[in-house]
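Results of the structural survey
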Amino acid sequence: MQTSLASIFWTNPFGRHAEGASRTLIQRRSLPTYLAICAGVVFLALTVALTDFSYSGAELNGAVASMIAMALVGMTLRRFGIVRIGDGVEGLALFSVISMLAPLCAVVMASTNLPLADAVLARADYMLFRFQRENFVAWVMEWPGLMTATQGVYHSLIIQPSLLIAVLFATGKGKRGWTLLLAWSLALAVILAIFPFFPAVGTPPYFLEFEDVFHGARDGSLRILGLKALTGIIEFPSFHAAAAVLLGWGFAGAGRLAVPFVLLNVLMFASALVAGHYL
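Residues numbered from 1 in each chain as written. Predicted model: local features only at pLDDT ≥ 70, side-chain atom pairs only at ≥ 80, totals over all residues. Heavy atoms only, no water.

A separate point is the nonpolar core. Core analysis: the largest hydrophobic core is formed by 54 residues, its most contacted members being Val107, Trp184, Ile233, Phe239 and Leu247. Listed by contribution, the elements that provide at least two residues to this core are helix H2 (31-50), helix H3 (57-79), helix H4 (83-110), helix H8 (160-170), helix H9 (174-194), helix H10 (211-219), helix H11 (239-252) and helix H12 (258-274). Sorting elements by how many residues they give to this core places H4 first, with 14 residues. Once you skip the residues sitting within four places of it in the chain, Val107 turns out to touch Phe53, Val213, Ala217, Leu222, Leu225, Ala229 and Ile233. In terms of nonpolar packing, the next biggest core, distinct from the first, is built from 7 residues, Met147, Phe207, Ala272 and Val274 among them. (Core = buried A, V, L, I, M, F, W, Y, C linked by side-chain atoms within 4.5 Å. Buried < 20%, exposed > 50% of the residue type's maximum accessible area, 1.4 Å probe, protein only. Helix = DSSP H or I, 4+ residues; strand = E, 2+ residues; numbered from the N terminus. Contact = heavy atoms within 4.5 Å.)

A cluster of nonpolar side chains, namely Leu114, Val190, Ile194, Phe197 and Phe198, defines an oily patch on the protein surface of about 430 Å² accessible area. In this fold, Ile194 is placed in helix H9. (Patch = residues over 30% accessible without salt bridge, like charges linked within 9 Å, V, L, I, M, F, W, Y side chains within 5 Å. Areas by Shrake-Rupley, 256 points an atom, 1.4 Å probe, with all protein chains shown as cover. Salt bridge = Lys/Arg side-chain N within 4 Å of Asp/Glu carboxyl O.)

With that settled, consider the environment of Met100. Of note, Met100 is situated in helix H4. Exposure remark for Met100: the relative accessible area of 11% places this residue in the buried category. As for Met100 and Leu227, which are separated by 127 residues in sequence, their C-alpha atoms are 9.6 Å apart. Excluding its chain neighbours within four sequence positions, the residues that come into contact with Met100 are Leu60, Ala63, Val64, Met67 and Leu230.

Structure below.
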């Protein structure tokens, strides 16, 4: 049966779409993600209150206000029956908040300044898998086109999540969208909990400029939670690998986008090995 563009986004007069979501101000399926976000906010608030870290409101408050406004717009749209767009806008707002909280929390966790674990991780790679990252990277670098493509695949993490969230909510797969956001939050929480016990810098080439932030968090020279802190500094466990699994799962339910994007995320999983991460 043909589906019009309008019917994809506009619910019937009773505010129901294919998954039975009602036109309420608060979407019940979003609550676990809100709780995860609140936990991150409380952690950062306690950090600022009890340690020498400070929060740069001048740098970040504008972005925070925009995200809150975006979430409120999404709620309002859903309340007036535009459920799919409303859920999607709110979902994108929550993803933006998560994307800001995670690197700020990572900077705090790096401040534990435990000994670098690179030697242990490299030895584990070899003992468990007979894998030596330097040899693998050297092989990739023999093919300039392959190296460029690998870097592009790695950086696709910048675009993929927002695209997937928009597609899932727009096509009536809201349950999958909310599950993705919660899984994303929990994956980050697990990685942040492990990271301070295995701090690592990996080995070049690096696809992100993170060393100044990483070492600044460790030696105490970076204690302002602002724009500079908004960069990925975690080498182990690799969030790129975790994200590749989550995005692959999400796109697997996205119709015609499934095959190319699942393959893209298989490649992104592998690209992490070139970008400094350990197997």
